[in-house]
Amino acid sequence: MNRVGVVSKEGKPLMPTKPSRARRWTKEGKAVGKWSDLGIYYVQLTTPSRLVVQPIVVGVDPGKSYSGVGVQSAKCTLLQLHLILPFGRVKKRMETRAMLRRSRRSRRINRDVPFKQGNHRQCRFDNRKQCKLPPSIKASFTGSNSRGYTHFGSVNITPSPFKIITRPGEVKRGKEYGFFRRQLHFEVPDKSGRRKRKGGTITPFGLRVGDLLRAEKAGKTYIGYVGGFTTALLVELE
């Protein structure tokens, strides 16, 4: 069951309530409905009330690719979350970054001079020998049983909202694609020194979908964006 957040007349958070009770409060004038900056609906009491709250516990089941989160009070379950972690995406980007760094350093070396004068790896890079383990690997090691806690008493587990949360992006053919960010070096250049074009569908005219163009025809000026390109459009232009 969904719960509606409640704040006091002074704006201090109180225990959440049922939607039916929140509707009754607003209808009787005991509370007013509001929206937070995150788009969450809650009610604020219009009359003074006691600041009596109950303990709420957040349980986390950590994982490498997925994590589970549960919010539980003594009377009801408030929220259940399934977090999709960007482990695979971050690992791939770290490997790509290391490959690009090695490529840049190899291009910087002057192989026509003696080895000691070729601008090779400097001493300031000695701290990058990967002598430390990443936190994700350390968390996967087996050791003393330090997880879990001892609970006393009982709680009432009730149906609650179940949400799946992930970073903005999309999944195509089993692979996850996120938003592209600016990259100083995009891939390794070819023999001519050119790099791959970043983002966008490229047309045979050298333009990308979404580019803003200005063209003149028969003394009339047209301004617009480049749309999709198909084979039928190419036949029509020919």
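Here, the structure is the one placed above.
Residues numbered from 1 in each chain as written. Predicted model: local features only at pLDDT ≥ 70, side-chain atom pairs only at ≥ 80, totals over all residues. Heavy atoms only, no water.

J.: I keep staring at the pattern of salt bridges and nothing clicks. Help me out?
T.: Side chains that carry opposite charge are capable of pairing whenever their charged atoms lie near each other. This model, assessed by the stated rule, comprises one salt bridge. Measuring nitrogen to oxygen at the nearest pair gives 3.3 Å for the salt bridge that ties K30 to E28. Taking relative accessible area as the criterion, K30 reaches 41% and is therefore assigned partly exposed. Residue E28 is classed as partly exposed on the basis of its relative accessible area, which comes to 46%. (Salt bridge = Lys/Arg side-chain N within 4 Å of Asp/Glu carboxyl O. Buried < 20%, exposed > 50% of the residue type's maximum accessible area, 1.4 Å probe, protein only.)

J.: How should unusual backbone geometry be read in this particular structure?
T.: Peptide bonds are trans in most cases, and residues, glycine excluded, mostly fall at negative phi. In this structure, A218 takes a positive phi of about 55 degrees despite not being glycine. Relative to the helices and strands, A218 is located in the loop between β11 (212-217) and β12 (220-225). According to the relative accessible area criterion, A218 is exposed, its value standing at 83%. (Helix = DSSP H or I, 4+ residues; strand = E, 2+ residues; numbered from the N terminus.)

J.: Explain the sheet that holds strand β6 (residues 66-72) to me, please; I cannot follow it from the model alone.
T.: Each strand in a sheet pairs with its neighbour through backbone hydrogen bonds, running either in the same direction (parallel) or in the opposite one (antiparallel). Taking strand neighbours across the sheet as the criterion, the four strands line up as β5-β6-β7-β8 in an open arrangement whose pairing is mixed. Where the open sheet ends on each side, the last strands, each with one partner, are β5 (57-61) and β8 (162-165). On average, adjacent strands in this sheet sit at an angle of 15 degrees to one another, irrespective of strand direction. Of the pairings in the sheet, the one linking strand β7 (residues 77-84) to β8 comprises four bridges and is parallel in character. (Pairing = 2+ DSSP bridges. Axes fitted to C-alpha atoms, helices over the stretch in contact; angles between N-to-C directions.)

J.: Where do I start with the pairing of strand β3 (residues 31-35) in this structure?
T.: The side chains of a regular strand alternate between both faces of the sheet. Across five bridges, the pairing between β3 and strand β4 (residues 41-45) is antiparallel. Along β4, the bridge assignment pairs A31 with L45. Linking β3 back to β4 in an antiparallel pair, the connection comprises five residues, with G39 at a positive phi of about 80 degrees.

J.: Explain the sheet that holds β4 here, please?
T.: Taken in spatial order, the four strands line up as β2-β1-β4-β3 in an open sheet, and their pairing is mixed. Of all strands in the sheet, those bounded by a partner on one side alone are β2 (13-17) and β3. Each adjacent strand pair in this sheet contributes to an overall mean axis angle of 30 degrees, direction not counted. Its contacts with the sheet put helix α1 (residues 19-28) on β1 (4-7), β2, β3 and β4, and the angle it makes with β4 is roughly 50 degrees. (Contact = heavy atoms within 4.5 Å.)

J.: Honestly, the side chain of S67 in this entry has me stumped. Any pointers?
T.: Within the secondary structure layout, S67 lies in strand β6. Relative accessible area serves as the criterion here: at 9%, S67 is assigned to the buried category. A polar side-chain atom of S67 sits 3.2 Å from the main-chain amide nitrogen of G63. Sequence-distant contacts of S67, that is, excluding residues within four places in its chain, are made with D61, P62, L81, H82, L83 and L85. (Polar contact = N/O pair within 3.5 Å; in protein donor to acceptor, adjacent residues only side chain to side chain.)

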